[in-house]
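# Observations on chain architecture
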Protein chains: 2
Amino acid sequence: MTCPQPLRIGEILQKAKAVIPSIDQATVYRNIKRLVEQGWLLKITHPLAGTMYERSGKEHHHHFYCRKCDSVFELPGCGINDEHVALAGMTVEDHEVFFYGVCHECSQHLQRT
Amino acid sequence: MTCPQPLRIGEILQKAKAVIPSIDQATVYRNIKRLVEQGWLLKITHPLAGTMYERSGKEHHHHFYCRKCDSVFELPGCGINDEHVALAGMTVEDHEVFFYGVCHECSQHLQRT
DNA sequence: ATGCAAGTGCAAAAGCATTATCATTTGCAA
DNA sequence: TTGCAAATGATAATGCTTTTGCACTTGCAT
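Residues numbered from 1 in each chain as written. Chains lettered and ligands numbered in written order. Predicted model: local features only at pLDDT ≥ 70, side-chain atom pairs only at ≥ 80, totals over all residues. Heavy atoms only, no water.

Before going further, it helps to spend a moment on the relation of the copies chain B and chain A. In screw terms, the move from chain B to chain A is a rotation of 180 degrees and a rise of 0.0 Å along the axis, fitting with an RMSD of 0.1 Å. A rotation of that kind, with that shift, is consistent with a two-fold axis. It is V97 of chain B whose C-alpha, among those of chain B, lies nearest the rotation axis, at 2.2 Å. An overlap of 100% is found between the interface residues of chain B and their copies at the interface of chain A, pointing to a shared contact surface. (Least-squares fit on C-alpha atoms with pLDDT ≥ 70 in both. Contact = heavy atoms within 4.5 Å.)

Right under this line is the structure:
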C-alpha cells in the first residue's frame, strides 16, 4: 500500500495497530529503522511536524505543512537551483524546502469574525 | 555583538560562559526564551543541526549546512516563488530552504585516497 | 518432533532538550 | 542602609522520542 504523504511515527504506529492490534511501538521502531537502513524509507526531519518517513525512490519534491490541521502534503516539482549557492564557494549536494501555510481544505473552513 | 551565523543552544551557552563563567544553562534558556518572545531572536529548527537561533530583522535568506564540519552558514537571497504552490489550492505563507553539502573550508581539506 | 534464527511484546531504561523549584544574589529606589 | 522585585545558580524533574534487555513466538529447515 502506498501513501501519498509522509507519515509520522505516531501515524505509522496507528496504522500498524489498525492491522495488527497487538503490535508494539518497539517493533514499529525496529522495522522502520531497518527499512531506512535498507533504503526503502527516507527519514525526514520536519521543522514543525518532527520526524516523518516516506517511501524512497520518488521524484525530487518538497512538502507543504498546514498550520491549521497540522498535516504535511507532498508538492510536485522543485524550482531550486543548487548551483547559485556555489558562488559562496560551497559545494551543494542537495537541499530541502518546507512550505508553510493553510491547505486547501482548511482554507474553506474559515471562521467568521 | 553580532553573529553572522545562527547559533545552537550549545554554542550560545559556550559563548555565554566565555564571558560569564558561572552562568548556568537555565539562565541561558530563560533569556533566549524571552528574547524570542520579545522578537529579538528567531528560532530555527534545522533538520540536521537541531534548534538554532539568529537575530531577527534580517533580510529573507536561507542556510547551508556543511556535513563535514557540522556547521551552518547563512546564504543571501532566495529564488523561491511561493505562488507556484498555490496551484494545489494551498495558501503559502512562507517557507524555509536548507542546503546541504561541503563548505568552502572543508572542501580544501580533502583527504587523499 | 526438534532446533535454531529471526521476529515480537512488554516493560524498563536511556537520551535529549527544556522547564520548574527554590534558595540566594543583584540592582536600584526609598 | 533597608526593602523589594527581578535575575540567577544549582539541581531535580519533566516530557518525549527512541532504544534495550529478556522472555516468549513464529517460521522454517532438519
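Below, the discussion takes up the protein's contact with DNA strand C. Close to DNA strand C lie 14 residues, the nearest being I23, D24, T27 and R34 of chain A together with Y29 of chain B. Between DNA strand C and S22 of chain A there is a distance of 3.2 Å, counted from a phosphate oxygen to a side-chain nitrogen or oxygen. Within the side chain of R30 of chain B, a nitrogen or oxygen atom sits 3.5 Å from a base oxygen of DNA strand C. For the surface near DNA strand C, the secondary structure elements donating two or more residues are α2 (25-37) of chain A together with α2 (25-37) of chain B. (Near = heavy atom within 4 Å. Polar contact = N/O pair within 3.5 Å; in protein donor to acceptor, adjacent residues only side chain to side chain. Helix = DSSP H or I, 4+ residues; strand = E, 2+ residues; numbered from the N terminus.)

Turning our attention to the sheet that holds strand β6 (residues 91-102) of chain A. Either a parallel or an antiparallel arrangement is found when strands of a sheet pair, and the pairing is made through backbone hydrogen bonds. In space, the six strands of this open sheet follow the order β5(A)-β4(A)-β6(A)-β6(B)-β4(B)-β5(B), with mixed pairing throughout. The two strands at the open ends of the sheet, each matched to only one other strand, are β5 (71-76) of chain A together with β5 (71-76) of chain B. The average angle at which neighbouring strand axes cross in this sheet is 30 degrees, direction not considered. Sheet analysis places strand β4 (residues 61-66) of chain A next to β6 of chain A, joined by four bridges and oriented parallel. Within the sheet, the bridge partner assigned to C66 of chain A lies in β6 of chain A and is G101 of chain A. (Pairing = 2+ DSSP bridges. Axes fitted to C-alpha atoms, helices over the stretch in contact; angles between N-to-C directions.)

A word on the interface of chain B and chain A. Each partner contributes residues to the interface: chain B has 28 residues there, and chain A has 28 residues. Each partner contributes to the roughly 2,500 Å² buried at the junction of chain B and chain A, and carbon and sulfur atoms together form 60% of this total. A salt bridge links R67 of chain B to D94 of chain A, with the nearest nitrogen and oxygen atoms 3.1 Å apart. Applying the counting criterion to the chain B and chain A interface returns 16 residue pairs in polar contact (both at pLDDT 80 or more). At the level of secondary structure, the elements contributing two or more residues to the side of chain B that touches chain A comprise β5, β6 (91-102) and α3 (104-108) of chain B. (Buried area = accessible area lost by both parts, 1.4 Å probe. Salt bridge = Lys/Arg side-chain N within 4 Å of Asp/Glu carboxyl O.)

F64, C66 and F99 of chain A together with F64, C66, V85 and F99 of chain B are the most contacted members of the largest nonpolar core, which totals 25 residues. Of all the elements in the fold, those that place two or more residues in this core are β4, β5 and β6 of chain A together with β4 (61-66), β5 and β6 of chain B. Those residues in contact with C66 of chain B that sit more than four places away from it in its chain are S71, F73, G101, V102, C103 and C106 of chain B. Judged by nonpolar contacts, the second largest core, of 14 residues, contains Y65 of chain A together with M52, Y65 and V72 of chain B. (Core = buried A, V, L, I, M, F, W, Y, C linked by side-chain atoms within 4.5 Å. Buried < 20%, exposed > 50% of the residue type's maximum accessible area, 1.4 Å probe, protein only.)

Below, the discussion takes up the protein's contact with DNA strand D. Close to DNA strand D lie 14 residues, the nearest being Y29 of chain A together with D24, T27, R30 and R34 of chain B. When the atoms of DNA strand D within 4 Å of the protein are sorted by group, sugar and phosphate make up 49%. Within the backbone of D24 of chain B, an N or O atom sits 3.1 Å from a phosphate oxygen of DNA strand D. A distance of 2.8 Å separates a phosphate oxygen of DNA strand D from a polar side-chain atom of T27 of chain B. The biggest single contributor to the surface near DNA strand D is α2 of chain B, with five residues. Class assignment of the residues belonging to the surface near DNA strand D gives a composition of five nonpolar, five polar and four charged. (Nonpolar A, V, L, I, M, F, W, Y, C, P; charged D, E, K, R; others polar.)

Remember that the coordinates give geometry; whether it matters functionally is a separate question.
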